[in-house]
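Structural overview
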Amino acid sequence: MADEPFEIRSIPRSAGDDKQQPLAYRLVSPAKIEPGTKYPLVLFLHGAGERGEDNARQLKYFPEQMAKDAQREKYPCFVLAAQCPAGKQWVNVPWGDRVSSRLPAEPSEPMQGVISMLRQTLDEQPVDRSRVYLTGLSMGRYGSWDLASRYPEWFAAAIIVCGGGDEQQAARLTGLPIRVFHGGADTVVPTERSRSMVQAIQDAGGSQIEYFELPGVGHNSWTHAYSDAAGAIDWMFTQVRQPISNQPAGN
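Residues numbered from 1 in each chain as written. Predicted model: local features only at pLDDT ≥ 70, side-chain atom pairs only at ≥ 80, totals over all residues. Heavy atoms only, no water.

**Things to note about the state of the cysteines**
According to the stated counting rule, one finds 0 disulfides in the structure shown. Considering cysteine sulfurs only, Cys84 is the nearest to Cys162, which forms no disulfide, with 16 Å between them. The exposure class of Cys162 is buried, given its relative accessible area of 0%. (Disulfide = S-S within 2.5 Å. Buried < 20%, exposed > 50% of the residue type's maximum accessible area, 1.4 Å probe, protein only.)

Structure representation (structure tokens):
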């Protein structure tokens, strides 16, 4: 796929060993931006196989899908695609455990970068702040649960695919519309991680979370989750939330 829809952008690195090297990311913009119009933004967090420093591998799956001409016409929006460095994680918890880990006290270094990228995009682009969405798969799903648990008021909806979160954060997520997908035969991330997270949110009073378990499907549940047949993308873009503040502002 040509690079044209995927604008290369960067932010200064503020943490880690090499503070001089900026953090690069990609941004897909609406095919045509009308003066005075604001557009939704989707933050996408990729899986472990797309880690690296090429600022390209993270475009697989959802970003490539949303960059197609038909999708850009149907869903005029911004798509922000960060890349987690090789050997690091969006959230520093083990993926294969059948029980959850506590939410870390601070976001990981890569996630801090994502937060800065989101801030920059909101500052510089005509984004409808009531329609900021979050989606992630596998390692990115762990990151999605992490970010949503820290700042649920930032997002109008989330599509979270085959990962796990901290059930003790469930009460913070009861007001966020979420669709969760997991393969019933997933041997990489135990399916019960989704079941237990969804149940915890429902037990805490959440009525806007829906769970879709795919019988016989392994780890690749994102193919269905992002398909027209699933309807999750259509659903996501109908969700609107009144933002609490003018932009994400977390410490």
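Now that the structure has been shown, we can carry on.
**Points about unusual backbone geometry**
With a phi angle near 55°, Asn55 is a residue other than glycine that sits in the positive phi range. Turning to its location among the elements, Asn55 is positioned in the loop between strand E3 (39-45) and helix H1 (62-66). The exposure class of Asn55 is buried, given its relative accessible area of 7%. With a phi angle near 50°, Cys162 is a residue other than glycine that sits in the positive phi range. (Helix = DSSP H or I, 4+ residues; strand = E, 2+ residues; numbered from the N terminus.)

**What about the sheet that holds strand E8 (residues 209-214)?**
Here we have 8 strands laid out as an open sheet, ordered E1-E2-E4-E3-E5-E6-E7-E8, and mixed in their pairing. Lying at the two open borders of the sheet, with one neighbouring strand each, are strand E1 (6-11) and E8. Across this sheet, the average inter-strand angle for adjacent strands is 20°, counted without regard to direction. Pairing of E1 with strand E2 (residues 23-28) involves 6 bridges; the strand directions are antiparallel. From the neighbouring strand, Glu7 faces E2, where its bridge partner is Leu27. (Pairing = 2+ DSSP bridges. Axes fitted to C-alpha atoms, helices over the stretch in contact; angles between N-to-C directions.)

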